[in-house]
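What follows is the residue order along each chain.
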Protein chains: 2
Amino acid sequence: MDWPPALDDLRMAAAIIAPHIHRTPVLTSATLNAMAGAELHFKCENFQRGGSFKLRGASHAVLSLDDRAVANGVATHSSGNHGAALALAAGLRQAPAYVVMPRTVPAVKQAAVRRYGAEITLCEPTLESREASLAEVLEKTGATAVHPSNDAAIIAGQATVGLELLEEVRRLEIILVPVGGGGLASGVALAVSQLSPATRVVGVEPANADDAQRSLAAGRIIPSDNPQTVADGLCTSLGNLTFEILGSLEVEIVTVGEEAIISAMRKVWERLKIVIEPSAATAVAAVLEGAVDVKGKRVGIILSGGNVDLDALPWI
Amino acid sequence: MDWPPALDDLRMAAAIIAPHIHRTPVLTSATLNAMAGAELHFKCENFQRGGSFKLRGASHAVLSLDDRAVANGVATHSSGNHGAALALAAGLRQAPAYVVMPRTVPAVKQAAVRRYGAEITLCEPTLESREASLAEVLEKTGATAVHPSNDAAIIAGQATVGLELLEEVRRLEIILVPVGGGGLASGVALAVSQLSPATRVVGVEPANADDAQRSLAAGRIIPSDNPQTVADGLCTSLGNLTFEILGSLEVEIVTVGEEAIISAMRKVWERLKIVIEPSAATAVAAVLEGAVDVKGKRVGIILSGGNVDLDALPWI
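Residues numbered from 1 in each chain as written. Chains lettered and ligands numbered in written order. Predicted model: local features only at pLDDT ≥ 70, side-chain atom pairs only at ≥ 80, totals over all residues.

A. Just the confidence of the model for chain A, in detail. Here chain A averages 95 in pLDDT, while 100% of its residues score no lower than 70. We note a pTM of 0.94 for the whole complex and an ipTM of 0.92 for its interfaces. (pLDDT = per-residue confidence, 0-100.)

B. The relation of the copies chain B and chain A, seen in detail. Expressed as a screw transformation, the operator carrying chain B onto chain A has a rotation angle of 180° and an axial translation of 0.0 Å, and the superposed copies differ by an RMSD of 0.0 Å. The transformation relating the two chain copies, once decomposed into turn and shift, fits a two-fold axis. Using C-alpha coordinates, one finds that chain B approaches the rotation axis most closely at I274 of chain B, a distance of 2.0 Å. An overlap of 100% is found between the interface residues of chain B and their copies at the interface of chain A, pointing to a shared contact surface. (Least-squares fit on C-alpha atoms with pLDDT ≥ 70 in both. Contact = placed C-beta atoms within 7 Å.)

C. Representation of the interface of chain B and chain A. In this complex, chain B contributes 14 residues to the contact, which on the side of chain A involves 14 residues. Grouping the amino acids of the side of chain B that touches chain A by side-chain chemistry returns 7 nonpolar, 3 polar and 4 charged. (Nonpolar A, V, L, I, M, F, W, Y, C, P; charged D, E, K, R; others polar.)

D. Spotlight on the domain arrangement of chain A. Residues and elements named next belong to chain A. Segmentation of chain A into domains returns domain 1 (7–52 + 151–303) and domain 2 (55–145). One C-alpha centre belongs to domain 1, the other to domain 2, and the line joining them spans 23 Å. At the level of elements, α1 (7–17) and α8 (152–168) are the ones that each hand at least two residues to the side of domain 1 that touches domain 2. The leading source of residues in the side of domain 1 that touches domain 2 is α8, at 7 residues. Residues of the side of domain 1 that touches domain 2, tallied by class, amount to 10 nonpolar, 12 polar and 4 charged. (Domains from an automatic or database assignment. Helix = DSSP H or I, 4+ residues; strand = E, 2+ residues; numbered from the N terminus.)

E. Here's a closer look at helix α10 (residues 211–218) of chain B. Residues and elements named next belong to chain B. Among the residues of α10, D211, A212, S215 and L216 are the ones counted as buried. Axial view of α10: buried residues confined to an arc of 120°, hence all on one face. Exposed residues lying more than 90 degrees from the buried face of α10 are A217 and A218. Where α10 is buried, its residues contact β8 (200–206), α11 (240–248) and β9 (252–256). Residue G219 follows α10 closely and has a positive phi angle near 75°. (Buried ≥ 20, exposed ≤ 12 C-beta atoms within 10 Å, placed from the backbone. Arc of directions from axis to C-beta.)

F. Geometry of the sheet that holds strand β2 (residues 39–44) of chain B. Residue and element names in this part refer to chain B. Ordered in space as β1-β2-β10-β7-β8-β9, the 6 strands form an open sheet in which the pairing is mixed. The open sheet has two edge strands with one neighbour each: β1 (26–27) and β9. As defined by bridge partners, strand β7 (residues 174–178) adjoins strand β10 (residues 298–303) across 3 bridges and the pair is classed as parallel. Following the sheet pairing, I174 is matched in β10 by V299. Packed onto the sheet, helix α9 (residues 183–195) meets β7, β8 and β10 and runs at close to 160° relative to β7. (Pairing = 2+ DSSP bridges. Axes fitted to C-alpha atoms, helices over the stretch in contact; angles between N-to-C directions.)

See below:
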């Protein structure tokens, strides 16, 4: 695979993972359109296997490993969704999966990762603790590390969300993507820049975890350390690969506040009647709060996942 | 229209309402299939305009009225969804809508009815109070009453859920339908008995609001009076028309407990990532709790609606 991945690489990734993922639907809502004054197209990765887009990248990465590499299993650190996805992906090759998770992630995400067959190691919610714990796991098991976002195969896998959305909705003017480690945003930006260069890709971060915005403005990676946000899937920071892609493609980043995220999440539940997680709601919040000017435009919004602890809803 | 409605009447209803309703998707879940040991096909009327199947019957009824009848508006008593649907349907003809609601229905359903443009009159949560309040409204406004379920046009409208499901999924062996006033179950049973007589239609009631089961067993209508159930859309009782259809077509009725309803609702939110209301969950509960033997069968489940008060989830 080229670096950065070329269009052919993205299409190859789509072909490799197609038998293992759902082609997710695109939903619309007249009420949400009226609220936004725009034409909103919601790409529903909350309906993806494992409950988020993460299986795209994880299955692409695992299916791309050679047999020897996969024999000792795969390992990662993850705030939840990538861990679940990697466990599912490892299952495609009957390989063990080891997942390091911050002890602060919602119980439902820990349970999902376990149910999909991974062995979990809990750590502190800091990048240092994640990386140290993962190093120990790798040492002990001989597994191959699969990073949640800063990995060419992962980025190419996440890009397939963009390929599908461009096929499903014509002439999108803006596509909004939640940004944590930046794998999804990088993949979508790669696809869009090659297939539909007139379409703007805008990344959305919680203001409380705005490392991508700060890093791209500064021209160097400035990670967030233990950020506090309801969007628990967006606590990780850009890596060198995602920083490079988002920077070179000039992807604009906007931020949204905690209350705006919660309010947007609730509106999607009430209007679209679907379950999305706070991380997915950031992109909706950016539209409803005017962080991006979408008036009169055709807008794609990537609802990145739907794994929520139903006992701990943020508005209660 | 014939009584009982003939297949041509149901197809005519479908043609009349088609421009105004969504054709709702059918979803599946490998995990829920594994839990049930069956192949489950969920017809998602929670995605219908107004958040429930009720717009089908209401729009058919309102569009079937002559201009003079509709001029003074339409009125009904409703625990929520039919009221919202009637308000939407009245809007199709620029007619006023008057809705009598028990003061116990969730705030979100009251708000929806108001938002769709209806004038609300609150009453006590008993059949007597509903009927007395509605009589007053009719007297005052000259509006035409549109009953939530015990009305031939309503039943023919709800039957279109059955027509669609039979087109969308071949060779269903069982179709499960929530039963309140019985309009949906009667309509679906009429469609299925004529188009796919080998398919069993099973009605599902909360054990706490089991008037249909008791009435059909006794051979006479025995209404529930102010039943207490989390499935607030299923508190109404059969009327003479729905009693006649469910009886003559020998529709079997099963019941499910409150905890089973709540547990099934939660499983659908977690697995399908969609928002359904407790009334819709009764049909899922019947499968997951073994109230109906579905092992190895192809099963249709009608998820009747998704209007839930997100501040008052039943498991919290």
